[in-house]
Amino acid sequence: MRALDVIEGRVSVLDRADVDTDQIIPKQFLKRVERTGFGEFLFYDWIRDGEIELEPNPILVTGRNFGSGSSREHAPWALEDFGFEAIVAPSFADIFYVNCTKIGLLPVILDEAHCKQVAEAGEARIDVDDQTVTSAAGVFEFDIELDVKYRLLNGLDDIGITLENAGAIDAFEASGAADLGPQTTALS
Amino acid sequence: MPQTMFDKLWEAHEVTDGLIYVDLHLVHEVTSPQAFDGLRLSGRGVRRPDKTLATADHNTPTDGTMAARLIADQLSRVQVETLERNCEEFGIPIYSLGSDRQGIVHVIGPELGVTQPGMTIVCGDSHTSTHGAFGSLAFGIGTSEVEHVLATQCMVQKRPKTMRISYSGQLGEGVTPKDLILATIGRLGTGGMVGHAVEYAGPAIEELSMPGRMTICNMTIEGGGRAGMIAPDDTTFEWVRGREAAPEDFDAAVERWRQLPTDDGATFDQEVEIDAGSLSPMVTWGTTPGMVVEVADAVPDPDSMESPSDRESAERALAYMALQPGTPMTEIPLDRVFIGSCTNSRIEDLREAAAAVEGRKVAPSVHGMVVPGSQQVKKTAEAEGLDEVFRSAGFEWREAGCSMCLGMNPDILMEGERCASTSNRNFEGRQGKGGRTHLVSPKMAAAAAVEGHFVDIRDWS
């Protein structure tokens, strides 16, 4: 994962609430076993039907509950592959938000009025370290979990970090706390 | 200090701050290939294949194709074959096509008894919340997290807030768990549970069978909830007893499981109360599960909505659904009926639907399809003669899989077709581009198939 520091540039706007991951990347494209190349299928039906137009700018501003529905990480993959580096919205679905942070696509929560102002400004600068979105409309602060921010700023792989704690996992297993569940390998 | 069930589950699995041990990792073909690739690229293995179980469900044809190599759709075939190869390479048990244990991942877990109270369960699928019905903590995750769990048997997780929804009274005749959860989402909104682990409680929940509880927990994600759960009780224990993966010392396990329910006096971040007796059979009218009304109501008028963004969403939804405000829900004509999905494809669901259609015929204008949730459900249904009931009513009786819930296999709606579906999502294009989905209970779907339009199951005989 590449490190994120400052994301700066033009803003694309998708002024809709409850945009679900089925719209972001429709099911027929989930059959691919690769991780790349999903960008051309982003919002496939909406774009092909002429319902929306989207420029591949660094920043996308959109409506509340963005990324609801299916846990498909193909949705953040498609947004990132299309060219977005940050998504700004009043709220995100939980799994989608986590999926974004795992691949280095920055989810930014601003209240609805500020989202609208950034959309109208047309250009913005997002500073991950300062936790600010700066545009002609002003400087807006956003919240992000400290450990998530640390990972994003340093482009760190979650698995690598966890494996530094392998001793704690070994100890947990050795304590017997992990022995209560079933053994799938024992199934006939 | 009194604890919630969630607190107990969380603390019993916290390896270090925010690192949660996973007791069972369920894997399917769609969200796993890139995770296995990631392991190979970084030279990592699967830490606990013995706590991992795979099946093929999302892509699988339901027309009787019996092996991955015979799937006609090349991309689907490659995906299922990739899963089979990955499981072989990493030593993960798999029930693929052709196995008599294959089925929807959220149906086979409970069926085999690998889903048990007190566990943490994850799967690269948002409907993993289903397993919370057993008093377990179950999360849907993305592919990066799938890779993380494969490599470490743990997940990095921010501690969610807690919410309890208490249902007083009891469900009326003809009102099902599906209606209860649809009504709840309608009330709280599709973002109403975001950031929360939700416990469903109260007398109306305690009365439910395990399949009913699974239907409710299953749709937690449609309300935005991180996890849904129900306290384990004798109903839960009796379900697990005797299943292949049930604990050997069952009494000791039950003793342990009895400690799980929320303590008296424990506090939740949010509490909601709903009178189950006031609920009706529900039908969705729009393009999110929260766009739902009672069957006796009419399509709502966006002009009556206060928030401009709700109004705009409703207008777009009605345009997509080709519905006029004020149309009674019972006058909406249907082209298709789908009975299946991880929400409503268990044997009890099929029994209820079969009871409604027995001796009747599917309306000539309707194409009806029944897709059992697993090979075992199919076998049981056939032993009970349910397949014959459905077939002689004019339904198609299919093989197990996710099928037309999301249409990754050939089971899809054609442009403009309108479907009564027992599945969980009525998103635009979910069941096929331009398809129009109305979510309902199995009984309501079956009755709608017979009449060719929705009916209030309470008045229908």
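Note that this is a predicted model, so its numbers are computed, not measured.

(A) Local environment of the overall build of chain B. Scanning chain B from N- to C-terminus turns up 15 helices and 19 strands. When its C-alpha atoms are laid out on the principal axes, chain B stretches across 55 × 55 × 45 Å. Out of the 461 residues in chain B, the part that is buried amounts to 63%. Put simply, of all contacts in chain B between residues at least 6 apart along the chain, 77% involve residues at least 24 apart.

(B) Summary view of the overall build of chain A. The helix and strand inventory of chain A stands at 8 helices and 7 strands. Judged by the C-alpha coordinates and their principal axes, chain A covers about 55 × 40 × 25 Å. By the burial criterion, 49% of the 188 residues in chain A qualify as buried.

(C) How the structure looks around the sheet that holds strand S5 (residues 94-95) of chain B. Residues and elements named next belong to chain B. Read from one edge to the other, the open sheet built from 5 strands follows the order S5-S4-S3-S6-S7, with strand pairing classed as parallel. Strands with a single pairing partner mark the edges of an open sheet, and in this sheet they are S5 and strand S7 (137-140). Relative to S5, strand S4 (residues 52-55) runs parallel, the two being bridged by 2 bridges. Paired with Thr55 across the bridge in S5 is Tyr95.

(D) Quick peek at the sheet that holds strand S1 (residues 14-16) of chain B. Residue and element names in this part refer to chain B. Read across the sheet, 3 strands follow the order S1-S2-S8 without closing on themselves; strand pairing throughout is antiparallel. Only two strands of the sheet have a single partner each, and these edge strands are S1 and strand S8 (154-156). Across the sheet, the mean angle from the axis of one strand to that of its neighbour is 35°, orientation sign disregarded. Summarising the sheet, strand S2 (residues 19-21) and S8 pair through 3 bridges and their orientation is antiparallel. What sits directly across from Leu19, in S8, is Val156.

(E) Structural view of the nonpolar core. Membership of the largest hydrophobic core comes to 197 residues, with the highest contact counts inside it found for Ala78, Ile87 and Val88 of chain A together with Val337, Val357, Ala445 and Ala448 of chain B. The residues contacting Ala78 of chain A, other than those within four sequence positions of it, are Ile24, Ile25, Phe38, Gly39, Phe41 and Leu42 of chain A.

(F) Just the interface of chain B and chain A, in detail. Contact residues are listed per partner, giving 65 residues for chain B and 49 residues for chain A. Within the residue set of the side of chain B that touches chain A, elements represented by two or more residues are S1, S2, helix H2 (33-41), S4, helix H3 (74-90), helix H5 (143-152), S8 and helix H11 (308-321) of chain B. Among the elements that make up the side of chain B that touches chain A, the one with the highest residue count is H5 of chain B (7 residues). Taken together, the residues that form the side of chain B that touches chain A break down as 24 nonpolar, 28 polar and 13 charged.

(G) How the structure looks around the pairing of S7 of chain B. Residue and element names in this part refer to chain B. Because side chains alternate across S7, one face comprises the buried residues Leu137 and Phe139, and the other comprises Ala138 and Gly140, equally buried. Sheet analysis places strand S6 (residues 120-123) next to S7, joined by 4 bridges and oriented parallel. Looking at S7, one finds that Thr120 is bridged to Leu137.

(H) Quick peek at H11 of chain B. Residue and element names in this part refer to chain B. Between the first and last C-alpha of H11 there are 20 Å, a value that for 14 residues agrees with the 20 Å anticipated at 1.5 Å per step. Buried within H11 we find Ser313, Ala314, Ala317, Leu318 and Met321. Within H11, the buried residues cover an arc of 130° as seen down the axis, which keeps them to one side. Exposed and oriented more than 90 degrees from the buried face of H11 are Pro308 and Ala319. Close packing links the buried residues of H11 with strand S19 (436-439). Where H11 terminates, the next one or two residues include Ala322, which has phi positive at roughly 55°.

(I) Layout of helix H14 (residues 386-393) of chain B. Residues and elements named next belong to chain B. All of the buried residues in H14 are Leu386, Val389, Phe390 and Ala393. One side of H14 carries all its buried residues, which in axial view fall inside an arc of 90°. Its buried side turned inward, H14 meets helix H12 (347-357), strand S16 (367-370), helix H13 (375-383) and strand S17 (396-397). Directly after H14, the chain includes Gly394, whose backbone phi takes a positive value near 105°.

(J) View of the environment of Gly43 of chain B. Its place among the elements puts Gly43 of chain B in the loop between H2 and S4. With 230 residues separating them along the chain, Gly43 of chain B and Glu273 of chain B place their C-alpha atoms 50 Å apart.

(K) Seen up close, the environment of Cys402 of chain B. Residues and elements named next belong to chain B. Relative to the helices and strands, Cys402 is located in the loop between S17 and strand S18 (418-421). By C-beta crowding, Cys402 is classed as buried, having 32 other C-beta atoms within 10 Å. Between the alpha carbons of Cys402 and His58 there is a distance of 5.1 Å; along the sequence they are 344 residues apart. For Cys402, the contacting residues outside a window of four places in its chain are Asp57, His58, Ile104, Ser341 and Met408.

(L) Structural context of the pairing of strand S1 (residues 6-14) of chain A. All names here are of chain A. Of the pairings in the sheet, the one linking S1 to strand S5 (residues 123-127) comprises 5 bridges and is antiparallel in character. Among the inter-strand pairings, Val6 is bridged to a residue of S5, identified as Asp127. Judged from the 4 bridges that link them, S1 and strand S2 (residues 59-62) form a sheet pairing that is parallel. The residue bridging Val11 from the neighbouring strand is Ile59, located in S2.

(M) Structural detail: the packing of helix H3 (residues 74-82) of chain A against helix H4 (residues 94-103) of chain A. Residue and element names in this part refer to chain A. One can describe the packing of H3 onto H4 by two numbers: an axis separation of 9 Å at closest approach and a directional angle of 50°. The orientation of H3 with respect to H4, classified from their angle, is oblique. As H3 packs across H4, the resulting crossing turns out to be right-handed. Contacts between H3 and H4 involve Ala75, Pro76, Trp77 and Glu80 from the former and Phe96, Asn99, Cys100 and Ile103 from the latter. Looking at the contact of H3 with H4 residue by residue, the classes come out as 6 nonpolar, 1 polar and 1 charged.

Procedures and definitions
Residues numbered from 1 in each chain as written. Chains lettered and ligands numbered in written order. Predicted model: local features only at pLDDT ≥ 70, side-chain atom pairs only at ≥ 80, totals over all residues. Helix = DSSP H or I, 4+ residues; strand = E, 2+ residues; numbered from the N terminus. Buried ≥ 20, exposed ≤ 12 C-beta atoms within 10 Å, placed from the backbone. Contact = placed C-beta atoms within 7 Å. Pairing = 2+ DSSP bridges. Axes fitted to C-alpha atoms, helices over the stretch in contact; angles between N-to-C directions. Core = buried A, V, L, I, M, F, W, Y, C linked by C-beta atoms within 7 Å. Nonpolar A, V, L, I, M, F, W, Y, C, P; charged D, E, K, R; others polar. Expected span 1.5 Å × (residues − 1). Arc of directions from axis to C-beta. Parallel < 35°, antiparallel > 145°, perpendicular 65-115°, else oblique. Left-handed = near helix turned anticlockwise from the far one by under 90°.

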